Amino acid sequence: MTPTANRRGRGGSARVAGSGMSVGLVFGFCIGAGVAVQGRINGALGARLADGIAAATISFGTGLIALLIAFAVSPALRAGLAEVRTAVSRGTLPPWQLLGGLCGAFFVATQGLTIAAIGVTAFTVAVVAGQLLSSLMVDRLGLAPNGRTPITPWRIFAAALGITGVAVSAGASSAPATITTGVPDIPVLLIALPALAGIGLAWQQAVNGRVGATGGPFAATLINFGVGLIALLVFDLYTLVTTGLPTELPTDPWLYTGGVIGVAFIALAAVTVGLIGVLLLGLTSVAGQLVAAMVLDAAEGKLSLTVVVSCVIVLAAVVVASRSSR
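Since the structure is predicted, the reported quantities are computational estimates derived from the model, not experimental observations. (Residues numbered from 1 in each chain as written. Predicted model: local features only at pLDDT ≥ 70, side-chain atom pairs only at ≥ 80, totals over all residues. Heavy atoms only, no water.)

K.L.:
Would you take a moment to explain the overall build of the protein for this structure?
P.N.:
On a plain count of helices and strands, the protein comes out with 9 helices and 0 strands. When the elements of the protein are put in sequence order from the N terminus, they spell out α-α-α-α-α-α-α-α-α. A buried classification covers 45% of the 326 residues belonging to the protein. Looking at the protein alone, contacts between residues at least 24 apart form 85% of all its contacts between residues at least 6 apart. As displayed, the protein offers around 15,300 Å² of accessible surface, 70% of which is attributable to carbon and sulfur atoms. (Helix = DSSP H or I, 4+ residues; strand = E, 2+ residues; numbered from the N terminus. Buried < 20%, exposed > 50% of the residue type's maximum accessible area, 1.4 Å probe, protein only. Contact = heavy atoms within 4.5 Å. Areas by Shrake-Rupley, 256 points an atom, 1.4 Å probe, with all protein chains shown as cover.)

Laid out in structure tokens, this is it:
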């Protein structure tokens, strides 16, 4: 092959890679917007029930039911699940990579356990800090399907920018929610739990991507929801003993759509992480959450300059990280 042909081949590969990254960035923003909308829905359901954990369990349950119906009518989806089972039995997919849903359940449980004590601001900053810093290491270890990505000063700077943007946004948030947990006030533990939840989110995205690369994004999503729901039901045993069942369930249908939205963005994340890696997925999803929240606030007449500034900072972090990855 001639040098000219080699250069053309490299240029074509670069264009394909650049196109994949551009698509991944768009997907990441869509995931973040979905997370923001789901958060509003589940938050409203939790307020009606006076129990955030119960709301999350209902969300996981409705999502899992929707997935089971889809798998029941689709041979292609069932074939993907069979591929995952085969990969586990052959040892090409370690069983621990099926446990990403535990991290989602732990994140939800951490919300219920800590927000009332430490506030929304500290919780949000701790989660995002844990997620973005952990993403650097997860990418470095190559846990996601896109392989290893070295830790560079620019990627560290991008993660720091992202944390700063979220801190600015969280500083403008409203007063913390009031959820009674019955857990003793242990300040060090309460600060550490959200950070651990954020670390878990980065790991969850990576292993779900591995499962998705084996059996498809919906197989990964089904396993994620199944594992997460089991974990939440176990945790619910504690809340049922301490607080009892909700007295009544809301009748508004839109309050039960959070699970279906979760199915969509978990499946999309299983694809996206293979295109752009865990750090960029985390940054773009955070940016999507902030932009969607800004639009929702504007629609309600509550838009603030602080939120706009935080969006600009996080978007700058996305640009820095994507340039570094290219």
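K.L.:
Please explain the side chain of Asn208 as it appears in this structure.
P.N.:
Here Asn208 is to be found in helix α6 (residues 187–215). At 3.0 Å, the side chain of Asn208 and the side chain of Asn224 are in polar contact. What Asn208 contacts, discounting residues up to four positions off in sequence, is Gly100, Ala220, Asn224, Ile266 and Ala270. (Polar contact = N/O pair within 3.5 Å; in protein donor to acceptor, adjacent residues only side chain to side chain.)

K.L.:
What am I meant to see in the confidence of the model for the protein here?
P.N.:
Should the pLDDT be low somewhere, the predicted coordinates at that spot are not to be read in detail. For the protein, per-residue confidence averages 85 on the pLDDT scale, and residues scoring 70 or more make up 85% of the total. Within the protein, helix α1 (residues 3–49) has the poorest average pLDDT of any element, 75, and helix α3 (residues 75–90) the best, 96. Between residues 7–13, whose pLDDT stays under 50, and residues either more than four places distant or in other chains, the model counts 0 contacts. The model gives residues 174–186 a pLDDT under 50, and that stretch makes 17 contacts with residues more than four places away or in other chains. (pLDDT = per-residue confidence, 0-100.)

K.L.:
What is the right way to read the packing of aromatic side chains from this model?
P.N.:
For any pair of aromatic rings, geometry is given as the distance between the ring centres together with the angle between the planes. A full pass over the atoms with the stated rule returns 4 aromatic pairs. Ring geometry for Trp96 against Trp203: centres 6.0 Å apart, planes inclined by 20°, an arrangement best described as stacked. Of the two residues, Trp96 sits in the loop between α3 and α4 (100–141) while Trp203 sits in helix α6, which places them 107 residues apart along the sequence. Take Trp96: its relative accessible area is 39%, and that puts it in the partly exposed class. By relative accessible area, Trp203 is classed as partly exposed at 23%. (Phe/Tyr/Trp six-rings, centres within 6.5 Å; stacked < 30°, edge-to-face > 60°.)

K.L.:
Honestly, the pattern of salt bridges in this entry has me stumped. Any pointers?
P.N.:
Any two side chains of opposite charge can pair, on the condition that their charged atoms come close. Following the criterion strictly, the structure yields 2 salt bridges and no others. When the shortest N-O distance is used, the salt bridge between Arg48 and Asp252 registers 2.9 Å. Of this pair, Arg48 sits in helix α1 while Asp252 sits in the loop between α7 (217–243) and α8 (258–299), and the two are 204 residues apart along the sequence. Assessed through its relative accessible area of 46%, Arg48 is described here as partly exposed. (Salt bridge = Lys/Arg side-chain N within 4 Å of Asp/Glu carboxyl O.)

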